[in-house]
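Here is how the chains run, residue by residue.
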Amino acid sequence: MSKSHPVQVIAVTGGKGGVGKSNVSVNLGIALAQKGRRVVLLDADLGLANIDVLLGITANNNLSDVLNGECDLRDVLVDGPGGIKIVPASSGTQKMTQLSPLEHAGLINAFSELGDQIDVLIVDTAAGISESVVSFLRASQELLLVVCDEPTSITDAYALIKLMNRDYGINRFRILANQVRNEQEGRHLFGKLARVTERFLDVALQYTGIVPYDEAVKKAVQRQRAVLDAYPRAKASLAIKALAEQVDNWPLPSSPRGHLEFFVERLVEV
């Protein structure tokens, strides 16, 4: 891999399940691809993968096959909507939820096979704060935390921020309000989270906007399509495009943090 090629590594996480982070991951990837970025989406829910189901994709191989040495990462990559590439994980495989840091690194190191073919790596993490989730969050350059207006979403997001800040020194988190009615509700939700973190933690939360509640998302899920692909003019689709505009302008990392080698090194350290 070229040492001079910066890769944006964005972890999309949520603390709790059901906040819509996989939908955000998929559609953000498509929106960035529409802007000319070469996007790979890693389904990092290693034991309960769902990206392939969400999109109705049949994968012949998955990450467990790479780990077992049965195939290369190139054999696992599948074409997703809008020109993105997807690395599917396995489902119902407990072993994949208990990988050692070295095994995590081995999986990510497989990305070096792709050479300079990646501009953005989106890591769709599992729910919760397991060692696997923490490993991927520590290694990523950007943490996009998806929250919705439910008490459990706020408390779980706070727990995740607290853990990453106090144990690993991470102090910048980008917050996306999902499934809210309007911008005002999104800012109110962000404010609730910001007040509690400012009181107890030394962190900087950055508001990245909203994805409004939209029946089109539900319809797209039922059709096993990405909403940006099935309903490009839907409210949620337009909001994701606006998010992609922001992401496209986030500063590219300088060496060494901007390279997949750094991602691997951080995973080994965990």
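Residues numbered from 1 in each chain as written. Predicted model: local features only at pLDDT ≥ 70, side-chain atom pairs only at ≥ 80, totals over all residues. Heavy atoms only, no water.

**Section: the nonpolar core**
Okay, so step 1: Grouped together as the largest cluster of nonpolar side chains are 47 residues, with contacts concentrated most on F173, L193 and L205.
Okay, so step 2: Per-element tally for this core: the top contributor is helix 7 (residues 151–168), with seven residues.
Okay, so step 3: Those residues within four positions of L205 in sequence are excluded, and the remaining contacts are I161, F173, I175, F190, L193, A194 and T197.
Okay, so step 4: With 35 residues, the next largest nonpolar core counts V26, A33, L55 and V211 among its residues. (Core = buried A, V, L, I, M, F, W, Y, C linked by side-chain atoms within 4.5 Å. Buried < 20%, exposed > 50% of the residue type's maximum accessible area, 1.4 Å probe, protein only. Helix = DSSP H or I, 4+ residues; strand = E, 2+ residues; numbered from the N terminus. Contact = heavy atoms within 4.5 Å.)

**Examining the environment of G18**
Okay, so step 1: Mapped onto the fold, G18 is located in the loop between strand 1 (8–13) and helix 1 (21–34).
Okay, so step 2: We classify G18 as exposed; its relative accessible area is 67%.
Okay, so step 3: Along the chain, G18 and V147 lie 129 residues apart, while their C-alpha atoms are 9.6 Å from each other.

**Observations regarding the environment of G20**
Okay, so step 1: Its place among the elements puts G20 in the loop between strand 1 and helix 1.
Okay, so step 2: For G20, a relative accessible area of 19% puts it in the buried group.

**Notes on the pattern of salt bridges**
Pairs can form between side chains of opposite charge once their charged atoms are near each other.
Okay, so step 1: Applying the stated criterion across every chain yields a total of 12 salt bridges.
Okay, so step 2: One salt bridge in this structure joins D124 and K21, with 3.4 Å as the shortest N-O distance. Remark: K21 occurs in helix 1 and D124 occurs in strand 5 (residues 120–125); sequence separation between them is 103 residues.
Okay, so step 3: For K21, a relative accessible area of 9% gives the class buried.
Okay, so step 4: Residue K35 pairs with D248 through a salt bridge whose shortest N-O separation is 4.0 Å. Here K35 is found in the loop between helix 1 and strand 2 (39–44), whereas its partner D248 is found in helix 11 (residues 235–249), with 213 residues between them in sequence. (Salt bridge = Lys/Arg side-chain N within 4 Å of Asp/Glu carboxyl O.)

**Concerning the pairing of strand 8 (residues 204–212)**
Okay, so step 1: Counting buried residues in strand 8 gives seven out of nine residues, a clear majority hidden from the surface.
Okay, so step 2: Sheet topology places strand 7 (residues 172–180) next to strand 8; seven bridges connect them, and they run parallel. What sits directly across from V180, in strand 8, is P212. (Pairing = 2+ DSSP bridges.)

**Brief notes about the pairing of strand 6 (residues 142–147)**
Okay, so step 1: With six of six residues buried, strand 6 is to be regarded as a mostly interior element.
Okay, so step 2: Of the two faces of strand 6, the one holding E142, L144 and V146 and the one holding L143, L145 and V147 are both buried throughout.
Okay, so step 3: Judged from the four bridges that link them, strand 1 and strand 6 form a sheet pairing that is parallel. Looking at the pairing, T13 lines up with L145 of strand 6.
Okay, so step 4: Bridging between strand 6 and strand 7 involves four bridges; their strand directions are parallel. Residue pairing in the sheet places V146 in a bridge with L176 of strand 7.

**Overview of the sheet that holds strand 6**
Okay, so step 1: A sheet is described by the order of its strands in space; here eight strands give the open sequence 3-4-2-5-1-6-7-8, paired in mixed fashion. Of all strands in the sheet, those bounded by a partner on one side alone are strand 3 (78–79) and strand 8.
Okay, so step 2: Sheet topology places strand 3 next to strand 4 (residues 85–87); two bridges connect them, and they run antiparallel. Bridge pairing in strand 4 links V78 to I86.
Okay, so step 3: Along the sheet face, helix 6 (residues 131–139) touches strand 1, strand 2, strand 5 and strand 6 and points at about 155° away from the line of strand 5.
Okay, so step 4: On top of the sheet, helix 8 (residues 183–200) reaches strand 6, strand 7 and strand 8; it is set at about 155° to strand 8, its chief contact. (Axes fitted to C-alpha atoms, helices over the stretch in contact; angles between N-to-C directions.)

**Focus on unusual backbone geometry**
Okay, so step 1: If you check the backbone angles, Q179 has positive phi at about 60° while not being a glycine.
Okay, so step 2: Residue position: Q179 is located in strand 7.
Okay, so step 3: If you check the backbone angles, Q224 has positive phi at about 55° while not being a glycine.
Okay, so step 4: Residue classification places Q224 among the partly exposed positions, given a relative accessible area of 36%.

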